[in-house]
Each structure stands twice: as structure tokens, then as C-alpha cells.
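Commentary on secondary and tertiary structure
Letter by letter, the chains look like this.
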Amino acid sequence: MTKVKLSEFAMARSGDKGDGSNVGIFVTNDADYELIKRELTVERVRKHFEKICFGEITRFEAPNILALNFLLRDSLGGGGSESLKTDAQGKTHGLGLLEMEVER
Amino acid sequence: MRDKINIGYGQGFWGDSILGPVRLVNEGPLDYLALDYLAEVTMSIMQKLKGRNPAAGYATDFVQMLDRTLPAIHEKGIKVIANAGGVNADGCLQAVLELARKKGIKGLKVGVIDGDDILSRIPELANGGHAMKNMDDGRPLSEIQDNLLSANAYIGAFAVAECLAAGAQIVIAGRVTDPALVGGPMIHEFGWSPEDYDKLAASTVAGHIAECGAQCTGGNYTNWREVKDFVRIGYPVIEGQSDGTFVVTKHEGTGGMVTRNTVVSQLLYEMGDPNRYLGPDCAADFTSAKVEEIGENRVRVSGVKGSAPTDTYKVSLSYNNGYKAVGQLTIAGPDAIEKAKLCADIVWGRLALDGCEFTDEEKMVEFVGAGVTHAGILESTQPPEVVMRIGVKSDNKAKVNRFGSEVVPLVTSGPPGVTGFAGGRPKATDIVGYWPALLDKSQVQTRVRVEES
């Protein structure tokens, strides 16, 4: 087991959902899926995005595509046209999640 | 009735490249061309345009695209489905008919779908007991009812199919859902019924994969180094079958790629609960989809399960919610971040000297280059320069403009190395608030009409 960044074996996509974002992450084999299900707890994701997400986080599983989907409420500075932030749509949050290090 | 059709998706949003639809029409086989021109705030912009000019309020990009493609579309018999109607589908229809006449195309059948625009009926609906509370936070509509800019119901795929059945080669809709632009042709060609929930769910998944154009063919893909020829990236083509199974592909010889990974990436885009993706025609279970590569640039999706929709439409309302302004300056190093922080403090300090103060919620400062998009995750302490983005929002327009006049002076009255003020003074612009709500389906009646050039 060594520490690796999620970006070494997982892929992601994110976008906006109202005042929050969704961050989808997926892998390409069952062992890695078990790993991300184990490692990517809501608590860990909350800590990772502590300077970005200020609301509730919900996690969903889509085992058919070896994916997890996180909803991050209050992560866009208002969202839509209300936000003054550069990334008002959360388009970069997926890449942000892939920077997390896990034991693999 | 056919058992297989090709649907190209040439426009992922208002502002997408015109090369998408132009190349789909010219570079490969196509039965249908689907085009999405709307976003959540688009309707409010279109209502404003229509307020100034009754003939405006639709996506003029669509007419410009047809100016380049209509002869080929007519000759090849490609059917076009676009939500380019905005808040004036009839105005768009007239513009397309005029274009066809100008190009000497006779007998082109152009259809419109309307009934989605409920702005003028809001008082009647609200008084009639339709609460339309904010779906996200439960706030009552009365909070914003006096400031409404637009109100539209998200129409489903059956209205699109009805317009095709009425003979339209070009279908112009207002606020239909993005996936309905793909589902409509499937319902029309395959004769699906409103109770064919699995098939409707499959078309929803197909539409969801295609609805952002090149985002399923290599665009915005994590492992971007694998993607060949971004310049000529192919837009998606959905090969739909009557049993609901479909293949995601792109035209031969185009750039980009379609793989299990590019398709799964897009399945996750703007996803909520993957077990229950709600649309006007069904609830789709995205966790039932089997996604498999069956060849080069060919991904088959099968096994999608669906269930009955709810008895409400999602409606999207927009409203005036004050003003905002954002300005930016570039601050060169050494000590770029430290100096940029000082710059921001100077702006707030000078405004306060003049009696103009903003609350923390109304203020925003970012130091782009130091770690903004990945705040707390990837940050830099000594970048060679940073871009300071500084902004405010307020109900008071004059105050927002007062802020705008204190950004550029930093060039001569702040720390050294401040530049990049090319944009001039930031000016107050409208904040358009977005209000998602639900409305009984019985309150919305869609109509289709077809005219000929």
C-alpha cells in the first residue's frame, strides 16, 4: 500500500446543481471501486473541500458505472448568475477531488 | 416506422461553436440534428430582448447556423429539433421561413411548440392555489413575484414527437428539456407510448449523454492527453434503436473519441440521485444502464429502467435580484499575493472613507493564480503574478457603481506592479435570480403548429 493521488487511477466530472455542485468520480475496475467506496467517505470529502463547500454533502453510488456522485451544497458562492466567483458552476471541483491522496 | 435512427447533437448550450452543427450536417450520415440553445438564465435575457423588440426573444444563433446549413439540410432531408424558440418561438419560425424563401427553398415545413411560457399566467396560477415554492429552500413565491423576468415549464418529448407527426422538418421549441430533443424523434419514429417507461428512460439517458455536445466525445475529459485532434472534435451521434438500446458514436474521420470513459464521464455531469433522474416523461434509473465499448468510437448503452413520472412539471422562474460588478487587475511579483491582499484592503478602505460599505456576504476577493479553483487543495505561495478579482453585490445600483470606480486607481496609488486594467471601470449589471419550482401538469397545455415556406 502506497499513497497515491486519485488522479492516478480515477476520473471525474463536476457541474452545478442550484447553489451547489455535483462531483462524479469513477474508476475502471472493481478493486478500485471498492477502494473509493471505502476511502471517499462524506467526512473525508467535506474536509477536502472545507474551503469550497459550506453546506451539506450527500453521497450516491452507481455501481453499474463504478462511480460515486457527491452533491456539495453551498459550494458556488450563490450559484448561477448570483455568484461572483470564477468557478460559479463548480466545473473544476472534479479535478479538485482527484488531488486527494489515498492508500492503494 | 423505422427501427433505427441517427441523431446528432450539435449544440450543447447557447454559445457553443457553430462548427458542431455545420460539420454534423456535412461530414456524415444523419437523420436528425438536435440543438440546445437554452440555459437557466437564457430565458430572462430573451424576455428582456423581447421587451425591447417584439420580434426578438429567440436564439438568433440558430438562424445563423441555418444560414450556413439549410440547403444541405433540405437536400438530405435531415430533421432539426431545436429549443431555439426561447420566449418567442413564433418569431423564430418567421425568421426561418424568411431565410428559406431567401434561399429559394420551397415547401420547407417548420413547426413550433408553445405553451411552456407561463410568465403572464403567474398571478392567476398563484391565486388559484399553485404555490410554486422554491424547490431548493421552500421559500414562498410571494418573495419574488413582483420581480419576475421569466417563467417556463420544462416540456417533455411527446410535444416534440407531436410536432414531427404534424409534418415538421424543423421543430422549434421553447423550454423543452435537453433530453427531449433526442427523445422526441425516438417516440415519433418508434411509436413509443407514454407508458413505455424503460424506453423513455433510455432516451433520457441518451439525451443526457449528448446534451452537452462534445463533452461526451473527449471534451472536458480528465485524461485529456489521450484525446486526439481537439480542433476537429466530433460532436456526438446517437444511434437509437426501437427497443431503447442505443450506441453513442461520432462521424468517421472526426477528432476526439468515444469510449466507455468519455461516456461515463458525461453520465455523471450535473447528476443528482442516479437512482431517480426525474424528467417530464419518466423517472430514469441511471444505475440500471449497462455501458460497454463495442468498437472503436462506439459505446452501447442498454438495460435502462424507468418508471412513471410525477404529476408535476418542473418550472423555472427568473427574477431581478439586485446588482453586481466584478473587476480585475494583475499584480506582478515579487510578493504578488501579499501586494494583492493589500490592494483589496485599499479598495474596501477607500470606499469606507467615502461612506460606502459592504457586508462580508456582499464582497468577494479572489487571487487567481494563488489557488482559487482549488482553494485549500492546491495553493501557491509565491506565483510570479496573480490576478486580483474583486467584486460586490447589492440592491443599491449606485453603490455597486461607486465600488467600480475604486479599482483602477490602484495602478497609480497602490503598491508597485499593478497592471492589466484594460477592461476599464467595472459597471453594475443585473443579478438574475433562479427559482426552480413545481407546477401541476394539468395547468400547462402545449400546442404545435406547422407552417410552410
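The structure contained in this document is the topic of the report that follows. Here the residue index of a chain counts from 1 through its sequence in written order. Lettering for chains starts from A, numbering for ligands starts from 1, and both go in the order in which the items are written. Local features are withheld for residues below a pLDDT of 70 in this predicted model, meaning they are given only at 70 or higher, and side-chain atom pairs are given and counted only at 80 or more; totals for whole chains, interfaces and linings count all residues.

The next subject is the sheet that holds strand E12 (residues 298-302) of chain B. All names here are of chain B. When DSSP locates at least two bridges between a pair of strands, those strands are taken to pair. Under the DSSP-based scheme used, a helix requires at least four consecutive residues in state H or I and a strand at least two consecutive residues in state E, with every element numbered from the N terminus. Spatially, the 10 strands line up as an open sheet ordered E11-E12-E8-E7-E1-E2-E3-E6-E4-E19, and their pairing is mixed. A single partner strand is all that each edge strand has here, and the edge strands are strand E11 (290-295) and strand E19 (447-452). Between one strand axis and the next, the sheet turns through 20 degrees on average, direction left out of account. Bridging between strand E7 (residues 236-241) and strand E8 (residues 246-250) involves 5 bridges; their strand directions are antiparallel. Residue pairing for E8: Ile-238 is matched across the bridge by Val-248. Contacting strand E4 (109-114), strand E6 (170-173) and E19, helix H4 (residues 89-102) crosses the sheet at an angle of about 170 degrees to E4. Orientation is described by lines fitted to C-alpha atoms, with helices fitted over the stretch in contact, and by angles between N-to-C directions that extend from 0 to 180 degrees. Placing C-beta atoms from the backbone, we regard two residues as in contact once those atoms come within 7 Å.

The interface of chain B with chain A comprises 44 residues on the first partner and 35 residues on the second. Secondary structure elements with two or more residues in the side of chain B that touches chain A: helix H9 (260-267), E11, strand E14 (312-332), strand E15 (363-368), strand E16 (385-394) and strand E18 (429-440) of chain B. Grouping the constituent residues of the side of chain B that touches chain A by class yields 20 nonpolar, 15 polar and 9 charged. Residues are sorted three ways: Asp, Glu, Lys and Arg are charged, Ala, Val, Leu, Ile, Met, Phe, Trp, Tyr, Cys and Pro are nonpolar, and all the rest, Gly among them, are polar.

The next point concerns the nonpolar core. Any set of buried Ala, Val, Leu, Ile, Met, Phe, Trp, Tyr and Cys residues joined through C-beta atoms within 7 Å is what this text calls a nonpolar core. For every residue, the other C-beta atoms within 10 Å of its own C-beta are counted; 20 or more classify it as buried, 12 or fewer as exposed, and values in between as partly exposed. C-beta atoms are placed from the backbone. One finds Phe26(A), Ile113(B), Val160(B), Val171(B), Ile172(B) and Val205(B) to be the most contacted residues of the largest nonpolar core, which totals 147 residues. Here this core takes 8 residues from helix H8 (residues 197-210) of chain B, the largest share from any one element. Domains are outlined according to an automatic or database domain assignment. Taken domain by domain, this core gets at least three of its residues from each of domain 1 (4-116 + 154-309) and domain 2 (320-435) of chain B. Every residue in contact with Ile113(B), bar those within four places of it in the chain, is listed here: Ala89(B), Ile155(B), Ala159(B), Val160(B), Cys163(B), Val171(B), Ala173(B), Gly174(B), Val176(B), Thr446(B) and Val448(B). One finds Leu329(B), Ala340(B), Val386(B) and Ile390(B) within the second-largest nonpolar core, a separate group that totals 16 residues.

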